[in-house]
Amino acid sequence: MEQGFTKASSANLPRIDLIMLGTFLASNKDFCSAEFRNVKTSMSARASYGDDAVSYVQVKREGNLCTIKAKICPEHKVHAKLYGVSLVVDEQEETVKSVECHDCVASQGGCKHAMAFLMWVHRRSEDPSCTSIECYWRKSKLSRVGSTLKYITATELSKGSPSLPSDTEVFEKFVEEGKRRRLTDCELMKYQKDYVWNVK
Ligand SMILES: [Zn+2]
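Predicted model only: the values in this text are computed from it and were never measured.

Chemist: How should I be thinking about the coordination of the zinc ion in this particular structure?
Modeler: Coordination of the zinc ion by the protein comes from Cys101 (SG), Cys104 (SG), Cys111 (SG) and His113 (ND1), over a distance range of 2.1 to 2.3 Å. Classification of the site at the zinc ion as tetrahedral follows from its four donor atoms and the range of 97 to 120° in their angles at the metal. Each donor residue of the zinc ion lies on the same chain, and together they follow the pattern C-x2-C-x6-C-x1-H. One end of the pair, Cys101, is in strand 5 (residues 95-101); the other, His113, is in helix 6 (residues 112-126), with 12 residues separating them in the sequence. Of the two residues, Cys101 and His113, neither departs from the other in class, the shared state being buried.

In structure tokens form, the structure reads like this:
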């Protein structure tokens, strides 16, 4: 932990309500950029990513300002370097001052790690208050994959509800076309019942 910081828990995390969140996003150009208006933001803002990716949360209070730092696990490379993010909230004025990612080149805060962390703190503020205190100074679920957890299934991820389309038409067409073209370098094809490994 860094100097002056304490382990974050459900008892000492600053509150970021919907108004604070909306005001910050609307007035911050880094988060209003074209990149954030598209699907990428909704991906980093969605609960299942943030809740599994946030780790080692620490808090420091100085006057009205509360600084929260955390490490974010990259979504697709669970053993890669963690991204350091920090968020500053003015608890007196009830405003989000800044949110920054320290490990993205040229991000100036407007990256998906910063967004994921901001949304994570917001969601904690909305969590129903619980009698037990939850400590957030811990390894993320994603980082544990491969070490303490051998693997993770979609349903074990936080709020895991994989949204699989009920219509399998596209999938079937793909398999059909794959067979027609005799694809040999496609993992999906190897899992089909009638796949025959063909030696060239
Ligand atoms: Zn980043």
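Chemist: Would you mind showing me how to read the pattern of salt bridges here?
Modeler: When the charged atoms of two side chains with opposite charge come close together, those side chains can pair. For the coordinates displayed, the defined rule picks out 11 salt bridges. Here Arg61 makes a salt bridge to Glu91, at a shortest N to O gap of 2.7 Å. Linking Arg61 in strand 2 (residues 54-62) with Glu91 in the loop between strand 4 (83-90) and strand 5, this pair joins segments that are 30 residues apart in sequence. The class of Arg61 is partly exposed, set by a relative accessible area of 40%. Exposure remark for Glu91: the relative accessible area of 32% places this residue in the partly exposed category. One salt bridge in this structure joins Asp103 and Lys81, with 3.0 Å as the shortest N-O distance.

Chemist: Please clarify how helix 8 (residues 169-180) should be interpreted in this entry.
Modeler: Note that an α-helix has 3.6 residues per turn; residues three or four places apart therefore point the same way. With 12 residues, helix 8 extends 16 Å between its outermost C-alpha atoms, agreeing within 8% with the 16 Å of an ideal straight helix rising 1.5 Å per residue. Of the residues flanking the end of helix 8, it is Arg182, one or two places downstream, whose phi is positive at about 50°.

Chemist: Is there a simple way to explain the side chain of Ser140 in this structure?
Modeler: With respect to the helices and strands, Ser140 occurs in the loop between helix 6 and helix 7 (141-144). A polar contact is formed between the side chain of Ser140 and the backbone oxygen of Asp52, at a distance of 3.4 Å. In contact with Ser140, other than residues within four places in its own chain, are Asp52, Ala53, Val54, Ser55 and Cys73.

Chemist: Explanation requested: a nonpolar patch on the surface in the structure shown.
Modeler: Taken together, the side chains of Phe171, Phe174 and Leu188 define a hydrophobic patch exposed on the protein surface, amounting to about 260 Å² of accessible area. Take Leu188: it is sitting in helix 9 (residues 187-190).

Chemist: How do you make sense of the nonpolar core when you look at a structure like this?
Modeler: Looking at soluble globular proteins, one finds that nonpolar side chains tend to be buried together. Formed by 34 residues in total, the largest nonpolar core has its most connected members in Leu13, Ile16, Val57, Ile68, Leu87 and Phe117. Taken together, the elements giving at least two residues each to this core come down to helix 1 (18-27), helix 5 (47-53), strand 2, strand 3 (65-72), strand 4, strand 5 and helix 6.

Chemist: Just checking my understanding: could you explain the pairing of strand 2 for this structure?
Modeler: Pairing of strand 1 (residues 6-7) with strand 2, which is carried by two bridges, proceeds in the antiparallel orientation. Following the sheet pairing, Thr6 is matched in strand 2 by Val59. Of the pairings in the sheet, the one linking strand 2 to strand 3 comprises seven bridges and is antiparallel in character. Across the sheet, the residue bridging to Arg61 is Cys66, located in strand 3. Count of turn residues in the strand 2/strand 3 antiparallel hairpin: two residues, of which Gly63 carries a positive phi of about 60°.

Chemist: Honestly, the packing of helix 1 against helix 6 in this entry has me stumped. Any pointers?
Modeler: Helix-helix packing is characterised by the crossing angle of the two axes and by the distance between the axes. Close contact between helix 1 and helix 6 brings their axes to 10 Å; oriented N to C, the two are set at 160°. Looking at the two axes, helix 1 sits roughly antiparallel to helix 6. Both helix 1 and helix 6 take part in a crossing whose hand is left-handed. Mapping the contact onto sequence places Leu18, Leu21, Phe24 and Leu25 in helix 1 and Met115, Leu118, Met119, His122 and Glu126 in helix 6. A per-class count over the contact of helix 1 with helix 6 returns seven nonpolar, one polar and one charged.

What counts, and at which threshold
- Residues numbered from 1 in each chain as written.
- Predicted model: local features only at pLDDT ≥ 70, side-chain atom pairs only at ≥ 80, totals over all residues.
- Heavy atoms only, no water.
- Donors = N, O, S within 2.8 Å, 3.2 Å for Na, K, Ca; no water.
- Tetrahedral: all angles 85-135°; square planar, octahedral: opposite > 155°, others 65-115°.
- Helix = DSSP H or I, 4+ residues; strand = E, 2+ residues; numbered from the N terminus.
- Buried < 20%, exposed > 50% of the residue type's maximum accessible area, 1.4 Å probe, protein only.
- Salt bridge = Lys/Arg side-chain N within 4 Å of Asp/Glu carboxyl O.
- Expected span 1.5 Å × (residues − 1).
- Polar contact = N/O pair within 3.5 Å; in protein donor to acceptor, adjacent residues only side chain to side chain.
- Contact = heavy atoms within 4.5 Å.
- Patch = residues over 30% accessible without salt bridge, like charges linked within 9 Å, V, L, I, M, F, W, Y side chains within 5 Å.
- Areas by Shrake-Rupley, 256 points an atom, 1.4 Å probe, with all protein chains shown as cover.
- Core = buried A, V, L, I, M, F, W, Y, C linked by side-chain atoms within 4.5 Å.
- Pairing = 2+ DSSP bridges.
- Axes fitted to C-alpha atoms, helices over the stretch in contact; angles between N-to-C directions.
- Parallel < 35°, antiparallel > 145°, perpendicular 65-115°, else oblique.
- Left-handed = near helix turned anticlockwise from the far one by under 90°.
- Nonpolar A, V, L, I, M, F, W, Y, C, P; charged D, E, K, R; others polar.

Function cannot be read off these values alone, since they describe shape.
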